[in-house]
Structure formats: C-alpha cells, structure tokens
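Chain and residue survey
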Amino acid sequence: MSYSSQAMLLLLKLAKREVDVAAEQLAKAHRAVNESKAQKEQLLFYRHEYVVKNAVRLSQGMTVTDLQNFQAFLDSIDSAIKSQEVVIEQYLEVVKMHMKFWQTCEAKKRKYEILIEKNKQEKRVLEQKSEQKLMDEFAITHRQFQAVVFH
C-alpha cells in the first residue's frame, strides 16, 4: 500500500471518528429538546390539574385573597411554561447547529471515501494496462520466436 493510500485511509478513519462525535452531539441535543418538551408537558398538565382541582372552589366562590393566590399561581405556572418554550427554542437552535456540523463531517468523510475509491479504480486501470502490455509483449515475442524457428 502506498504512502498516499495509507494517508487517505488515516484521514478517512479520522473523518469517521468526527462523524461519530458529531452524531453523539446531535443525539444529545435531540435528547435535550425532548426532555424540555416533556417538562413543558408536565407544566401544562400540572396547570390543568390545578385548574380542575380548584374549579369547584371557583364555582362556589372564593375569597379575594384565595382568588389572588389562585391567579398568582397560574401566572407563575404560565411564566414557567413560557420560559420552557424559550428553552425548547434554544435547544432547537443547538440541534440545527449540530445537524449542520454532522452534515459537514459526513460530507468530508464521503469525499475521502470517493477519493479512495477513485484511487483504487485508477490503480486497477493501471494494473490492467500493465497486464495488457505484458500480454502484448509476450504475443509479439512469441510471434517473433515462431518466425525465427519456422524460417
């Protein structure tokens, strides 16, 4: 194996590692998005449960203080939900960034694979030409030998 072939294989190996690392980072970012969405869903569920639980009290009438506390708690949960939406958007941007990086790494790896395959193909063509040249030289030598022997 030639030095350039070994170098290309080493570059391919490094590119594959880079793709693996990028894929791990992308998966981690996806997990963060999913976890954030799950937290938002928990907050929405908790809000709904709180409203349902207090619906009877609301229909029967609440003191002003209880109503203020109820509204303040809902405002607090709504604020947490909005904050969680911001977190989700931020993680989605991180996912986009990691996706672009993974795609760049994958393209780089693919270029090395194509170059290696192209080099292998060129080597095969040269080997075939060399074999054909040897066969042609043998045929010429064989004809010359026959011409000398039979004349």
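The structure under discussion appears in the preceding block.
Residues numbered from 1 in each chain as written. Predicted model: local features only at pLDDT ≥ 70, side-chain atom pairs only at ≥ 80, totals over all residues. Heavy atoms only, no water.

1. A closer look at the overall build of the protein
Applied cut-off: Where helices and strands are cited, they refer to DSSP runs of H or I of at least four residues and of E of at least two residues respectively, numbered from the N terminus. The globule rule is 2.2 Å times the number of residues to the power 0.38, and the radius of gyration it is compared with is taken over C-alpha atoms. Any residue under 20% of the maximum accessible area for its type is buried, any over 50% is exposed, and the rest in between are partly exposed; the area is computed with a 1.4 Å probe on protein chains only. In short, Shrake-Rupley with a 1.4 Å probe defines the accessible areas, and a residue's cover is counted only from the protein chains shown. His residues and chain termini do not enter the charge count, which takes Lys and Arg as positive and Asp and Glu as negative. Every charge is mapped onto a representative atom, which is NZ of Lys, CZ of Arg, CG of Asp or CD of Glu.
Along the protein, the regular secondary structure elements total 2 helices and 0 strands. Computed over C-alpha atoms, the radius of gyration of the protein comes to 36 Å, more than 25% over the 15 Å expected from 2.2 N^0.38 for 151 residues, which places it beyond the range of a compact globule. The buried share among the 151 residues of the protein stands at 17%. Total accessible area computed for the protein in this model is approximately 11900 Å², and 59% of it derives from carbon and sulfur atoms. Taking the average location of the 24 positive side-chain charges in the protein and that of its 20 negative ones, the two points are 4 Å from each other.

2. Brief notes about the nonpolar core
Note the cut-off: Here, nonpolar core means buried Ala, Val, Leu, Ile, Met, Phe, Trp, Tyr and Cys residues that are tied together by side-chain atoms lying within 4.5 Å of each other.
Counting 5 residues, the largest nonpolar core consists of Met8, Leu12, Ala15, Tyr112 and Ile116. Elements that contribute at least two residues to this core include exactly α1 (3–60) and α2 (64–149). No other element matches α1, which puts 3 residues into this core.

3. Examining the pattern of salt bridges
To keep things clear, this is the line we draw: In what follows, salt bridge is the name for a side-chain nitrogen of Lys or Arg lying within 4 Å of a carboxyl oxygen of Asp or Glu.
For the coordinates displayed, the defined rule picks out 9 salt bridges. When the shortest N-O distance is used, the salt bridge between arginine 47 and aspartate 78 registers 2.5 Å. Of this pair, arginine 47 sits in helix α1 while aspartate 78 sits in helix α2, placing them 31 residues apart in sequence. Judged by its relative accessible area of 24%, aspartate 78 is partly exposed. Residues joined in a network through salt bridges with shared partners are Glu106, Lys109, Arg110 and Glu113.

4. Considering the packing of aromatic side chains
Two measures describe an aromatic ring pair: the distance that separates the ring centres and the angle between the ring planes. Quick reminder of the rule: Between 30 and 60 degrees the pair is tilted, below 30 it is stacked and above 60 it is edge-to-face, where a pair is any two Phe, Tyr or Trp rings, Trp via its six-membered ring, whose centres lie within 6.5 Å.
Under the definition given, this model contains 3 aromatic pairs. A ring pair is formed by tyrosine 46 and phenylalanine 73, whose centres lie 6.0 Å apart and whose planes are at 70 degrees; its orientation type is edge-to-face. Of this pair, tyrosine 46 sits in helix α1 while phenylalanine 73 sits in helix α2, and the two are 27 residues apart along the sequence. The partly exposed category is assigned to phenylalanine 73, whose relative accessible area is 29%. By the ring-pair criterion, three or more aromatic residues cluster together here, those being Tyr46, Tyr50, Phe70 and Phe73.

5. Topic: the side chain of asparagine 54
Rules: Contacts described as polar in this section are N or O atom pairs within 3.5 Å, which, within protein, must combine one atom able to donate a hydrogen with one able to accept it, while residues neighboring in sequence count only if both atoms come from side chains. Any two residues having at least one pair of non-hydrogen atoms within 4.5 Å are treated as being in contact.
Tracing the sequence through the fold places asparagine 54 in helix α1. A polar contact of 3.1 Å, which involves the side chain of asparagine 54, links it to the side chain of arginine 57. Those residues in contact with asparagine 54 that sit more than four places away from it in its chain are Met62 and Phe70.

6. Structural notes on α2
Put simply, the rule reads: To estimate how far a helix should reach, multiply one less than its number of residues by 1.5 Å.
For α2, with 86 residues, the first-to-last C-alpha span of 125 Å sits near the 128 Å given by 1.5 Å per residue. Those residues of α2 that sit buried are Phe70, Leu74, Ile77, Ile81, Gln84, Ile88, Val95, His98, Cys105, Lys109, Tyr112 and Ile116.

7. Here we look at the environment of lysine 100
Mapped onto the fold, lysine 100 is located in helix α2. When the C-alpha positions of lysine 100 and alanine 22 are compared, they lie 9.4 Å apart, and in sequence the two are 78 residues distant.

8. Here we look at the side chain of glutamine 84
Mapping glutamine 84 onto the fold places it in helix α2. A polar side-chain atom of glutamine 84 sits 3.2 Å from the main-chain carbonyl oxygen of serine 36. Side chain to side chain, glutamine 84 and glutamine 39 meet in a polar contact 3.1 Å long. With residues near it in sequence (within four places) discarded, glutamine 84 still touches Ser36, Gln39, Lys40 and Leu43.

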